[in-house]
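For reference, the chains in residue letters:
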Amino acid sequence: MIKRYFQYLLASKNEHAIHSPFVFQLYTKIILTKSFQSPHFKSIEALRKRLKKNDKVIEITDFGAGSKIHSSNSRQIKQIAKSAEKPSKFGKLLFRLIQHFEPKVIFDLGTSLGVTTLYEAKALQNATVITFEGCPTTAKIAQENFDELSANNIEIVVGNLDETLATQIAKTETIDFAFFDANHRYEPTVKYFEMCLSRASESSLFIFDDIHWSEEMQEAWQYIKAHPSVMITIDLFFIGLVFFRKNQPKQHFILRF
């Protein structure tokens, strides 16, 4: 990861290298606006702080690529909160993006304890957030967190994503926004992308987590970038943004964040 990050730093550009008006506005007005604050941030981060102090041990059901940090499926909640949840700056970025694009239906692939999901749900409380979690124990804790913060626009779908995603897609007309943070391997990532693509529109935004986490994830990211339906991608190293705007020339950006 260190080597990949230095490669990213060498390749990444700032706003002066962006010649797309759409990407320039998005980057300067939304992505880089880190000073933006919402009253919801305080309550979500207070929850995260409590989770990071929770010593309770639970058994994890893991259908994904596993953890690079923990070898056992018995984990303390505080360990999950520290390693599996996205840092606050990414939750806040998802919040800003959702407020900007105003999606009606949000797919969140990989609930974990629900901290990132709460950022998505609180950004637009009239949107429907459908979040997928393989582990019933983790999903139960996430639901408790949603209830505590009165996030009533979240629906948790529990079970193996290979089975639950197809069922949910069949009931969904359009996926306006999707955050992929489930199985960090090549084949599942590509599979879930193509499944969700069947419900994407020209204005949809897909975001992929940990695109440089492993060789497999980097290969998956290259596949997604090259897909004929994908017109614009933005590589922020830890996450990648994918747009399907057909009126845009196909362009790929590596930008500093």
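In case you missed it, the structure is sitting above this.
Treat the numbers as computed from the prediction; the structure is a model and nothing was measured.

**Focus on the pattern of salt bridges**
Move 1: Counted by the stated rule, this structure contains eight salt bridges.
Move 2: Notably, a salt bridge pairs K78 with D55, separated by 2.8 Å at the nearest N-O pair. Taken together, the residues span a long stretch of sequence, with K78 in helix α4 (residues 77–83) and D55 in the loop between α3 (39–51) and β1 (57–59) at a distance of 23 residues.
Move 3: Since its relative accessible area comes to 45%, D55 is described here as partly exposed.
Move 4: One salt bridge connects E144 with K140, and the closest N-O pair in it is separated by 2.9 Å. Taken together, the residues E144 and K140, both in helix α7 (residues 136–148) and four residues apart, mark about one turn of the helix.
Move 5: When salt bridges that share partners are traced, they join K86, D209 and D210 into one network.

**Points about the packing of helix α9 (residues 186–197) against helix α10 (residues 215–226)**
Move 1: It is the contact of α9 with α10, at a shortest axis distance of 8 Å, that shows an interaxial angle of 30 degrees. Put simply, α9 runs roughly parallel to α10. As α9 packs across α10, the resulting crossing turns out to be right-handed. Within the contact between the two elements, α9 uses Y186, T189, V190, F193 and E194 and α10 uses E216, M217, E219, A220, Y223 and I224.

Parameters and conventions
Residues numbered from 1 in each chain as written. Predicted model: local features only at pLDDT ≥ 70, side-chain atom pairs only at ≥ 80, totals over all residues. Heavy atoms only, no water. Salt bridge = Lys/Arg side-chain N within 4 Å of Asp/Glu carboxyl O. Helix = DSSP H or I, 4+ residues; strand = E, 2+ residues; numbered from the N terminus. Buried < 20%, exposed > 50% of the residue type's maximum accessible area, 1.4 Å probe, protein only. Axes fitted to C-alpha atoms, helices over the stretch in contact; angles between N-to-C directions. Parallel < 35°, antiparallel > 145°, perpendicular 65-115°, else oblique. Left-handed = near helix turned anticlockwise from the far one by under 90°. Contact = heavy atoms within 4.5 Å.

Function-wise, these values are silent; they only describe arrangement.
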